[in-house]
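Chain by chain, the residues run as shown.
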Amino acid sequence: MAAAQPVKQTNLPHYLTPFIGRQQEIVEIRHLLVDRRLITLTGPGGSGKTRLAVEVFTSLGEAFLDNRWLVQLADLAEPALLPQTVSAALGVCELPGQTTLETIVHFLNGRRALLLLDNCEHLLDGCAHLATYLLQNCPDLHLLATSREALGLPGEIVRPMLTLELPSLHTQPDLAVLSQIEAVALFLDRATALVPDFALNDANAAAVSQICRLLDGMPLAIELAAARVSVLSVGQIAVRLNDSLHLLAVGPRLAQPRHQTMHAAIDWSYNLLSAAEQTLWRRLSVFRGRFSLAAAEAVSRSKEDEQSSSFLDLLTQLVHKSLVVVVRESGEARYRLLEPLRQYAAEKLAAAGETTVCQQRHGHYYLVWAEQHEARLRGPEQQAYLAQFEAGYPNLRAALAWLLREPQSGEPGLRLAVALGPYWYIRNMLTEGRRWLEEALAGSASATPTVIRGQAFFFASVLAWFQSDIPAASRYSEESHAIARSLGYAGQWGIAYTLTMLGQTARFQGEEEAALRYLHQSVALFRRSGDQWGLALALDSLGSVSRQMGNLDADYAAISESQALWRVIGDPWGLALNRLQFFERAWAEEARATAQTLYEENRAMLESLGYFWHLASMHQGLAELALSREDHMTAASYYGSCLALARQMGNEVREAAALVGLSAAALGQGHLAAAIAHCQVGLLLFEKQQRPLTAAAYLERLATVAERTGFSHPAAHLRSAAAALRSTTASDRLTDQGAAFAEALSALQQLTQTPQPSTSPAAAVTPYDLTPRELEILRLAAEGLTDPQIAEHLVLSKRTVSAHLHTIYSKLGVATRTAAARLALKHNLLDK
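Residues numbered from 1 in each chain as written. Predicted model: local features only at pLDDT ≥ 70, side-chain atom pairs only at ≥ 80, totals over all residues. Heavy atoms only, no water.

## What to know about the overall build of the protein chain
Each helix and strand counted, the protein chain has 39 helices and 7 strands in total. Burial statistics for the protein chain: of 832 residues in total, 56% are counted as buried. For the protein chain, the exposed surface amounts to about 34,200 Å²; the carbon and sulfur share of it is 53%. (Helix = DSSP H or I, 4+ residues; strand = E, 2+ residues; numbered from the N terminus. Buried < 20%, exposed > 50% of the residue type's maximum accessible area, 1.4 Å probe, protein only. Areas by Shrake-Rupley, 256 points an atom, 1.4 Å probe, with all protein chains shown as cover.)

Right under this line is the structure:
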């Protein structure tokens, strides 16, 4: 039995250069973090806040059971995306029915954990609100923040960054002692990395000491100065640096001496550049995070630069001077500016009057790039291009924000949002994707329907569907469908895809006949157009609806054809979706061995792709198959794995289902106290998420186990409570829903008030205990009548028939009418 994949407990970086000095600060902050819950390291950019914080975190693994995470905020420009950034750092999936903050809190609760919020200064208010919420809701969480300013929160311990230890201005120690002084040690380490034969000696000791003092012990400034030893002597560096200090024009935000010194170091580096190097460096400041050589050239080089020095030569010079960092990714070199340097360069860009034109080039480049590569997210290159989208996402996000907020940009912002649609749903970035799409649609409202607006509505419907927001998904798909139909032939792409979404939303709204109609139309259109990817998706959806309606032959035909198409296409996401379809079919047919084989074959693939939702579905399905066969030990094992995955993802609905399933498995093994405890927690989670129908289905499973183990009286109360839950809806009867959940908890207490049966499970009451009406409906369903036909035959509403069938399936421990009929024939239930 495979256990869930362990949660990644820390994402701290591993630096290639040694950490120098600050041992006293490390000890102090370590002690503070153990006892206090919010520490903020303040200081100017380049003062070493991040490096010190990571060093402290690295040393605290044992005290916090290795629950330590770094949240890098330097590349984030949107305060509204703080929760999504934190959840990405934690590796927590966003889930339907929860805000991202609620998911984070659920994940962190119960853990003694450390969170490092790095570079908060440009998001100060947002970080303050985030820290307040997390600290109030996660009692065992400790936060360390780095910022140029304190967050200003009650209970916050503010620790200004001390400069590195400096040589005395008045006395010159011997070389051995001088080399151990922190600022000098840092300079020597970085200088010898570039020039291996560089050494501290009597001739250069005074100049090295002067450089460290002039830079006021600021780590980044010292590293920038040390980088010049390949082209300048330390004496020359000291003279040039000294000459630049009095030339600085310091604004009000740069009032502190250390801040002035840091600005002087960067300003000095900037003034050492040639005019062409200065132009390139400041233009690179429009990038967020990493960027490619092609992107840098497209954004930074204008027509008047074509006769200037080689672009690559200029970029190489900036790399050598430590103003641009090279990052190796899958054999390709990418680049980035350290944030303090990027901000400085951005000021220079604004002063040169080039900000708008560079942002225009940046937005246009990433729009074209995304549109050219979006199709590669659907096919054999998916994983490679997901990595490229991920690496470029800070820039894609920045480009999208600029395009949407620039009045002159018009439709390009909407086009970029559409190009990002597949990335958002594959990577489960549902809330963020919907937010961008809704903003793009609102900002480009037009009386004239266009293909791009139709596509934007389509992707909005997909993201809403993955969030289980079926009303919104239905509304968006109808909008998209209407636009596609109005465009005629030009909208065939939209008609076929939106029919697929209309089918899916109709299915989850209980309109199975309409869903079937939509999906048959979609399949026909895709066949005519030759769109294999769309056809494979529509066939998978058609199989789901057919299976739900009990037509397993149609289901098999649809998903088998889909499987063949996905294999030809080579799309990992599509293949994972199709394999889940076959698993759910085996589950519906109670083919436990087949379901187990499919699970074993696909588990590693689902884990590697991060499709833990699908993996949890498999665990849950295998658990319920085991429960239906009264193999309670196996059921408990799978429910336990499902529970672990649910908690890893922060999915309370899945967690509640696993808990009530564990309750039934525990009851079947005679563990009454555990059964009650699991079920109580599960019911409370179901109530919190307003999922009465799901709760009812699991209560009925528990009632079936209670009957089989001799708890017939409590089982009747559990079924009554389930019926009460089925009569409520989340939208218009919340008061009734609360009363129904209260009744369910009361029914659970009946187990505690009933003596433990002395008879064995084999001597318990009839396993299925179907009422006469349920037997009558089961006979008609076994004869092949549909829900409307059964309703007409018995003069009942279709909703009542559906509710009876759900109860029958729960009592029998099956998922479809075909499986129910097979089981009824096997046990002669239709003759009773």
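## Some words on the packing of aromatic side chains
Within the structure shown, the criterion is met by 24 aromatic pairs. Ring geometry for Phe287 against Tyr366: centres 6.4 Å apart, planes inclined by 75 degrees, an arrangement best described as edge-to-face. Separated by 79 residues along the polypeptide, Phe287 in the loop between helix H12 (275–283) and helix H13 (293–300) and Tyr366 in helix H16 (residues 355–373) bring together distant segments of the chain. Tyr366 gets classed as buried once you look at its relative accessible area, which sits at 4%. Measuring from ring centre to ring centre gives 5.3 Å for Phe458 and Phe459, while their planes differ by 65 degrees; the resulting arrangement is edge-to-face. (Phe/Tyr/Trp six-rings, centres within 6.5 Å; stacked < 30°, edge-to-face > 60°.)

## Re the pattern of salt bridges
Counted under the stated rule, the structure contains 23 salt bridges. When the shortest N-O distance is used, the salt bridge between Arg190 and Glu223 registers 3.5 Å. Linking Arg190 in helix H7 (residues 182–194) with Glu223 in helix H9 (residues 219–226), this pair joins segments that are 33 residues apart in sequence. For Glu223, a relative accessible area of 29% puts it in the partly exposed group. With a shortest N-O distance of 2.6 Å, Arg527 and Glu561 are connected by a salt bridge. Here Arg527, found in helix H24 (residues 512–529), pairs with Glu561, found in helix H26 (residues 552–569); they are 34 residues apart in sequence, far enough to count as distant. When its relative accessible area of 44% is taken as the criterion, Arg527 is described as partly exposed. A network of salt bridges, in which partner residues are shared, links Glu78, Arg405, Arg435 and Glu439. (Salt bridge = Lys/Arg side-chain N within 4 Å of Asp/Glu carboxyl O.)

## Observations concerning helix H23 (residues 492–508)
Look at H23: 25 Å from first C-alpha to last across 17 residues, which is about the 24 Å you get at 1.5 Å a residue. Of all 17 residues making up H23, 14 are buried, and the element is well covered by its neighbours. The positive-phi residue at the C-terminal boundary of H23 is Gly510, with phi of around 80 degrees. (Expected span 1.5 Å × (residues − 1).)

## Considerations on the environment of Leu178
Among the secondary structure elements, Leu178 is positioned in helix H6 (residues 175–180). Since its relative accessible area comes to 0%, Leu178 is described here as buried. Between the C-alpha atom of Leu178 and that of Ala205, which follows or precedes it by 27 residues, the distance is 8.2 Å. Not counting residues within four places of it along the chain, the set of residues in contact with Leu178 comprises Pro167, Gln172, Pro173, Val184, Leu200, Ala205 and Ser209. (Contact = heavy atoms within 4.5 Å.)

## Looking at the nonpolar core
Note that soluble globular proteins tend to have their nonpolar side chains buried in a common cluster. In terms of nonpolar packing, the biggest core is built from 203 residues, with Leu115, Trp281, Leu284, Trp424 and Leu699 touching the most fellow members. In contact with Leu284, other than residues within four places in its own chain, are Phe291, Ala296, Ser300, Leu315, Leu318, Val324 and Leu337. Residues Val184, Ala207, Cys212 and Ala225 belong to the second largest nonpolar core, which totals 31 residues. (Core = buried A, V, L, I, M, F, W, Y, C linked by side-chain atoms within 4.5 Å.)

## Some details on the pairing of strand S1 (residues 38–42)
Along any regular strand, the residues point their side chains to alternate faces of the sheet. Most of S1 is tucked away: 5 of the 5 residues are buried. Alternating residues of S1 divide into Leu38, Thr40 and Thr42 and Ile39 and Leu41, and every residue in both groups is buried. Pairing geometry for S1 and strand S4 (residues 141–147), over 5 bridges, is parallel. Residue pairing for S4: Leu41 is matched across the bridge by Thr146. (Pairing = 2+ DSSP bridges.)

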